[in-house]
Amino acid sequence: MKKILITRKLLKENEEKLKELFEVILNPDDKIYSQEELIKKSKDCDGILSSVSDQINKDTISKLSAKIKIIANGAVGFGNIDIDAAKQKGIAVTNTPDVLTDATADIAILLLLGASRRALEGRIAAENQNWKWSFDFLLGKQMSNKTLGILGMGRIGRAVAKRARGFNMQIHYHNRKKLPNDLEEGAVFHKDVKSLFANSEFLSINCPANSETTKIVNEDTLKHLLPNCVVANSARGDIVDDEAMIKALKSKKVFAYGLDVYNGEPKIHPEYLKLKNIFLLPHLGSATKRTRWDMLYRATKNLEMFFNGEKPKDLVN
Ligand code: DGY
């Protein structure tokens, strides 16, 4: 039986399935392993089932046992793994696309609404019983009939667009390539980020995190946003330059920012916590029971296919 290190505690049913198929090292305390611990614990393993909280960089990969042949990441994003270094070492890397598209797109809409309608401020006022209805109490920005810029029109970006059409929003997007008409569904393509920003009253960040997108939302690009724009990030923290965003929030260039993902998670930039025009969630994008089960099922399937000598469905390197 092949041996797999499972870096985090999984849903019980997923752990049971993995136990039927492999010899597993589980993590019942759900401790987040340091790089040294990950290297040590995976020493005799043939594969790793990892999560977004594992930073498997070039250095870690170079120190992994030569026995390890696959890292099945239990996430659609794989910016936490150096996939080129893994490939060079002969380690296959897989992800879990499709199954979390709807859950993540739902959260993107929640972030846009929560930020634009000042939901956190409202919750705090209600909790403190410190409010009364009045004509100018916690006035927000209406999402209906506005333009929505989508940065990254992959599966999740397109699912956000689908939902936003229900708000009668006009969709603009930036992607590496223009989409075919049937996938665009009337959305307006922008070749560069600045042009997208100049047409966005609302903006949803949905691109993958990689060397091309790191801090793509920065002081220079933010300048081009329409004034009072509402921004939501359900992708990855590294796509946004936090200092530049904080400046834009303070100057109200950005009306409000809804975010589910952070640079250096689970830490949150302390300035975000001081700002009122912010709507924060703790990386809940894929957090529904059905979605998490599906993600782990898919990661298990990738391991199974790989060790059966087949090409795993979701190979990314
Ligand atoms: C993913 O799959 O990349 C999500 O961010 C995990 O919640």
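Residues numbered from 1 in each chain as written. Predicted model: local features only at pLDDT ≥ 70, side-chain atom pairs only at ≥ 80, totals over all residues. Heavy atoms only, no water.

**Some points on the site of the ligand**
Neighbouring the ligand are the residues Ala75, Val76, Gly77, Leu100, Arg236, His283, Ser286, Arg292 and Met295. Gly77 places a main-chain nitrogen or oxygen 2.9 Å from an oxygen atom of the ligand. At 2.8 Å, a side-chain N or O of Ser286 approaches an oxygen atom of the ligand. Notes on the ligand: free accessible area 230 Å², of which the protein chains cover 90%. A breakdown of the residues in the shell around the ligand according to their chemical character gives four nonpolar, three polar and two charged. (Near = heavy atom within 4 Å. Polar contact = N/O pair within 3.5 Å; in protein donor to acceptor, adjacent residues only side chain to side chain. Areas by Shrake-Rupley, 256 points an atom, 1.4 Å probe, with all protein chains shown as cover. Nonpolar A, V, L, I, M, F, W, Y, C, P; charged D, E, K, R; others polar.)

**What to know about the pattern of salt bridges**
If you walk through the whole model with that rule in mind, you get 23 salt bridges. The salt bridge partner of Lys12 is Glu16, with a shortest N-O separation of 3.9 Å. Highlighted residues: Lys12 and Glu16, both in helix α1 (residues 12-21), separated by four residues, approximately one helical turn. Glu16 gets classed as partly exposed once you look at its relative accessible area, which sits at 35%. A salt bridge links Glu271 to Lys274; its shortest N-O distance comes to 2.9 Å. Taken together, the residues span about one helical turn, with Glu271 and Lys274 both in helix α12 (residues 270-274) at a distance of three residues. Lys274 sits in the exposed class, given a relative accessible area of 61%. Linked through salt bridges whose partners overlap, the residues forming this network are Asp98, Arg155, Arg298 and Asp314. (Salt bridge = Lys/Arg side-chain N within 4 Å of Asp/Glu carboxyl O. Helix = DSSP H or I, 4+ residues; strand = E, 2+ residues; numbered from the N terminus. Buried < 20%, exposed > 50% of the residue type's maximum accessible area, 1.4 Å probe, protein only.)

**Concerning a nonpolar patch on the surface**
On the surface, a nonpolar cluster with roughly 560 Å² of combined accessible area is contributed by Trp131, Trp133, Phe135 and Phe137. Looking at where Trp133 falls in the secondary structure, it is placed in the loop between α6 (119-127) and β6 (147-151). (Patch = residues over 30% accessible without salt bridge, like charges linked within 9 Å, V, L, I, M, F, W, Y side chains within 5 Å.)

**Let's talk about the sheet that holds strand β4 (residues 70-73)**
Spatially, β2-β1-β3-β4-β5 is the arrangement adopted by the five strands of the open sheet, whose pairing is parallel. Two strands in the sheet have a free side with no partner beyond their single neighbour: β2 (23-25) and β5 (92-94). For this sheet, the mean angle separating the axes of adjacent strands, direction not counted, is 20 degrees. Where helix α13 (residues 289-307) meets the sheet, it contacts β1 (3-6), β3 (47-50), β4 and β5, and its direction lies at approximately 160 degrees from that of β4. (Pairing = 2+ DSSP bridges. Axes fitted to C-alpha atoms, helices over the stretch in contact; angles between N-to-C directions. Contact = heavy atoms within 4.5 Å.)

**Considering the nonpolar core**
By size, the foremost hydrophobic cluster in this structure holds 30 residues, and its most contacted members are Leu112, Leu148, Ile150, Met153, Val160 and Ile171. Among the elements of the structure, α5 (101-116), β6, α7 (155-165), β7 (170-174), β10 (229-233) and β11 (254-259) are those that each provide at least two residues to this core. Here this core gets seven residues from one element, more than from any other, and that element is α5. In contact with Ile171, other than residues within four places in its own chain, are Leu148, Ile150, Met153, Ala161, Ala164, Arg165, Gly186, Ala187 and Val188. Residues Val193, Leu196, Val231 and Met245 belong to the second largest nonpolar core, which totals 28 residues. (Core = buried A, V, L, I, M, F, W, Y, C linked by side-chain atoms within 4.5 Å.)

**Digging into the sheet that holds strand β12 (residues 278-280)**
Two strands in a sheet stick together by hydrogen bonds in their backbones, pointing the same way (parallel) or opposite ways (antiparallel). What the seven strands build is an open sheet, ordered β8-β7-β6-β9-β10-β11-β12; its pairing is parallel. Edge positions in the sheet fall to β8 (188-190) and β12, since each has one partner strand and no second. The sheet shows a mean angle of 15 degrees between the axes of neighbouring strands, direction not considered. Across the sheet, α5 touches β6, β9 (202-205), β10, β11 and β12, and the angle it forms with β10 is around 145 degrees. Sitting on the sheet, α7 touches β6, β7 and β9, and the angle it makes with β6 is about 170 degrees.

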